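# An overview of the molecular structure
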Amino acid sequence: MVKVTELGYMGFNVTDMAAWERFATEIVGMELHDAGEGDRKYLRLDDWHHRFVLHKSNEDDMAYIGWRVPGPDELEEMAAQLEAAKVPYRFASTAECDERRVLGLLKLTDPGGNPTEVFYGPEVMTFRPFHPGRPMFGRFVTGDQGVGHCILRQSDVKAAYDFYTKVFGMRGSVEYKLRQPDGSVVMPTFMHCNDRQHSVAFLGGPMPKRINHLMLEYTDLNDLGVAYHAVRQHKLAVGIDIGKHSNDQAVTFYCGNPSGWLSELGWGARSAPSQQEYYSADIWGHEVEASGFGMDLDMVAPEEETAAKADAA
């Protein structure tokens, strides 16, 4: 079967374009690219024409997500896989492909109702080097790993798992069993399509927006430090403070962006392991600091659970 190879691009509907421009360039370090189209602006992380599109809108949410396949033959094969799985889709028009700056495109929705695209042939602007919106010590991690990872809204985790594995060809895994104070256990599902530790994940249950967070990774720790300092200096909401994950082993923090969902910025992630394992806590940090972002999980650390059992005895 043909498989998607990377998370290639995303579009966001935004109500405050100016705030997003400042956040993306001055805080995160992306390059703003205005092609003069009026209702949208582009954000670059590398030499692609864009990785993100900001669409002026009356809502703040993800507008679409784009997954790459190698070429036209693979796009046709993906269409056949969608057909076999009885997933409605359509081939995009030439004008729609031109709008996305790709050579070919399928449009569909995933089981969670998220507008989804499969494409090949992005425009790569080797004649226009990436120029960050603020001075950077390194670059963003992209290339064969795609732009990063995200958590998307999925009300039916099994249906989403089946779609991303059996139709898109990803490998899925459960990597955390996080116990909450009420005794319930949160078990996020992670999906892998390349060497990046994961490209998309879902928690299940209600989410106010299609997207919970988007993670971008720096090649240099100093750039993460600069971003963290800028977030604190501008008094932006920090949803989850700096810490180190157990699964990807990246040092990251989560801050609120102008659309009210979370941007995770990180450094130092390892590649996806070849075999599945799970964790009961992060390595350090990642305390929840600001509520209202849909990841307000009040987990019990393993040592706290052990101590509580000892006290009860």
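Quick caveat, the model's predicted, so the values are computed rather than measured. (Residues numbered from 1 in each chain as written. Predicted model: local features only at pLDDT ≥ 70, side-chain atom pairs only at ≥ 80, totals over all residues. Heavy atoms only, no water.)

## Topic: the side chain of Gln154
The cut-off we apply is this: Only runs of H or I of at least four residues qualify as helices and only runs of E of at least two qualify as strands under DSSP, and these elements are numbered from the N terminus. N or O atoms closer than or at 3.5 Å make up a polar contact, with two conditions inside protein: a donor-capable atom paired with an acceptor-capable one, and, for residues adjacent in sequence, both atoms drawn from side chains. Working rule for contacts: check all heavy atoms of both residues, and any pair within 4.5 Å makes them a contact.
Residue placement: Gln154 occurs in the loop between strand E9 (149-152) and helix H4 (157-167). One polar contact links Gln154 to Asp110, side chain to side chain, over a distance of 2.7 Å. One polar contact links the side chain of Gln154 to the main-chain amide nitrogen of Gly112, over a distance of 2.9 Å. Filtering out sequence-adjacent residues up to four positions away, Gln154 remains in contact with Asp110, Pro111, Gly112, Asn114, Ala160, Tyr164, Phe202, Gly204 and Gly205.

## Some details on the nonpolar core
In plain terms, the rule: What is meant by a nonpolar core is a set of buried Ala, Val, Leu, Ile, Met, Phe, Trp, Tyr and Cys residues, joined one to another through side-chain atoms within 4.5 Å. Accessibility here uses a 1.4 Å probe with only protein chains present; expressed as a share of the type maximum, an area under 20% marks a residue as buried, one over 50% as exposed, and anything in between as partly exposed.
Among the nonpolar cores identified, the biggest contains 61 residues, and Met10, Phe12, Phe52, Trp67, Met78, Tyr164 and Phe168 are the most heavily contacted of them. Ranked by residue count, the leading element in this core is helix H1 (residues 17-28), at 6 residues. Here Phe168 is in contact with Met1, Val2, Lys3, Val4, Trp67, Met78, Leu108, Thr116, Val118 and Phe163, once residues within four sequence places are set aside.

## Comments concerning the sheet that holds strand E6 (residues 89-91)
Think of a sheet as strands paired side by side through backbone hydrogen bonds, with each pair either parallel or antiparallel. Stated precisely, the cut-off is as follows: Here a strand pair is declared whenever DSSP counts at least two bridges between the two strands. Angles run from 0 to 180 degrees between N-to-C directions of axes, and those axes are lines fitted to C-alpha atoms, restricted for helices to the stretch in contact.
Here 8 strands make up an open sheet; going across it, the order is E2-E3-E4-E1-E5-E8-E7-E6 and the pairing mixed. Since the sheet does not close on itself, it has two edges, and those belong to strand E2 (31-33) and E6, each with one partner. Averaged over neighbouring strand pairs, the angle between their axes works out to 25° when direction is ignored. Pairing geometry for E6 and strand E7 (residues 102-109), over 3 bridges, is antiparallel.

## Side note on the UniProt feature "domain: VOC" (unreviewed entry) in the protein
Put simply, the rule reads: UniProt positions are given in the numbering used here, feature names are shortened, and annotations may be inferred rather than shown by experiment.
Per the UniProt record, "domain: VOC" (unreviewed entry) is annotated on residues 6-121 and 146-268. End C-alpha atoms of residues 6-121 are separated by 13 Å, and the span's content is 28% helix alongside 41% strand. Structurally, residues 146-268 comprises 20% helix and 37% strand, and the distance from its first C-alpha atom to its last is 16 Å.

## As for the packing of aromatic side chains
Quick reminder of the rule: Paired rings are identified among Phe, Tyr and Trp, the last through its six-membered ring, by centres lying within 6.5 Å, and are further divided according to the angle between planes into stacked (under 30 degrees), edge-to-face (over 60) and tilted (the rest). Over a ring means this: the NZ of a Lys or the CZ of an Arg is within 6 Å of the ring centre and within 35 degrees of the ring normal.
Scanning the model with the defined rule gives 20 aromatic pairs in all. A centroid spacing of 5.0 Å and a plane angle of 55° characterise the contact between Phe12 and Trp261, whose relative ring orientation is tilted. Remark: Trp261 occurs in the loop between strand E17 (251-256) and strand E18 (262-267) and Phe12 occurs in strand E1 (residues 6-14); sequence separation between them is 249 residues. Of the two residues, Phe12 and Trp261, both sit in the buried class. For the ring pair Trp20 and Trp261, a centre distance of 6.0 Å and an interplane angle of 45° mean the geometry is tilted. Highlighted residues: Trp20 in helix H1 and Trp261 in the loop between E17 and E18, separated in sequence by 241 residues. Through a chain of ring-to-ring contacts, the aromatic side chains of Phe12, Trp20, Phe23, Phe52 and Trp261 assemble into a single cluster. It is Arg51 that lies over the ring of Trp48; its NZ or CZ is 3.5 Å from the centre.

## A word on the pattern of salt bridges
Our working definition: Take a side-chain nitrogen of Lys or Arg and a carboxyl oxygen of Asp or Glu: if they are within 4 Å of each other, that pair is a salt bridge.
Enumeration over the complete set of coordinates arrives at 21 salt bridges. Here Arg68 and Glu6 are joined by a salt bridge, their closest N and O atoms 3.2 Å apart. Taken together, the residues span a long stretch of sequence, with Arg68 in strand E5 (residues 61-68) and Glu6 in strand E1 at a distance of 62 residues. By relative accessible area, Glu6 is classed as buried at 4%. Residues Glu96 and Arg90 are paired through a salt bridge, measuring 2.7 Å at the closest nitrogen-oxygen approach. Where salt bridges share partners, they join Asp39, Arg40, Glu99, Arg100, Lys107 and Glu117 into one cluster.

## Here's the deal with unusual backbone geometry
For Lys86, which is not glycine, the phi torsion reads 60° and is therefore positive. Mapped onto the elements, Lys86 comes out in the loop between helix H2 (72-84) and E6.

## Comments concerning the environment of Val87
Relative to the elements of secondary structure, Val87 occurs in the loop between H2 and E6. Excluding residues that lie within four positions of it along the chain, Val87 makes contacts with Leu82, Leu108, Thr109 and Phe163.

## Observations concerning the environment of Met191
Mapping Met191 onto the fold places it in strand E13 (residues 189-192). Relative accessible area serves as the criterion here: at 0%, Met191 is assigned to the buried category. Counting along the chain gives 30 residues from Met191 to Tyr161, while the straight-line C-alpha distance between them is 8.1 Å. Ignoring any residue separated from it by four or fewer positions in sequence, one finds Met191 in contact with Tyr161, Tyr164, Thr165, Met170, Arg171, Gly172, His198, Ser199, Val200 and Phe202.

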